[in-house]
Amino acid sequence: MYKPDPKTYKWAATKLDQQPQNIIMIAAHGWDLAGAIHAGLQTGFVAREGQSLYSLSDKPTYEAKDIYEMAMVLIEKYK
């Protein structure tokens, strides 16, 4: 099976011994994040040039313009 099948994301959560809602998937690809959202993960969208969110999905948990800004968002959230 392949993304965006929810089983793919839930398999990763099982391997990490975590519940899906305790995991954050960070990506610049809206399709990957749509699958992760559907599987119950938190998500972070890095808005790289030419990338966009998948319009039929819920919004990601976090958004940032680049990976550095995403790191700062997460540090502030979890400090």
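In the block above lies the structure referred to throughout.
What you see is a predicted model, and the numbers here were worked out from it, not measured in a lab.

1. Let's talk about the nonpolar core
Thinking step 1. With 10 residues, the main nonpolar core is built from Y9, A13, I23, M25, A27, L33, A36, A39, L41 and F45.
Thinking step 2. Core analysis: the second largest hydrophobic core is formed by six residues, A28, V46, Y62 and A64 among them.

2. Brief notes about a nonpolar patch on the surface
Thinking step 1. Side chains of I26, I67, Y68, M72 and I75 sit close together on the surface and give an oily, nonpolar patch of about 510 Å² of accessible area.
Thinking step 2. Here the nonpolar patch gets four residues from one element, more than from any other, and that element is helix 3 (residues 67-78).
Thinking step 3. Following the sequence through the fold, Y68 ends up in helix 3.
Thinking step 4. Here Y68 falls in the exposed class, since its relative accessible area comes to 58%.

Rules and cut-offs
- Residues numbered from 1 in each chain as written.
- Predicted model: local features only at pLDDT ≥ 70, side-chain atom pairs only at ≥ 80, totals over all residues.
- Heavy atoms only, no water.
- Core = buried A, V, L, I, M, F, W, Y, C linked by side-chain atoms within 4.5 Å.
- Buried < 20%, exposed > 50% of the residue type's maximum accessible area, 1.4 Å probe, protein only.
- Patch = residues over 30% accessible without salt bridge, like charges linked within 9 Å, V, L, I, M, F, W, Y side chains within 5 Å.
- Areas by Shrake-Rupley, 256 points an atom, 1.4 Å probe, with all protein chains shown as cover.
- Salt bridge = Lys/Arg side-chain N within 4 Å of Asp/Glu carboxyl O.
- Helix = DSSP H or I, 4+ residues; strand = E, 2+ residues; numbered from the N terminus.

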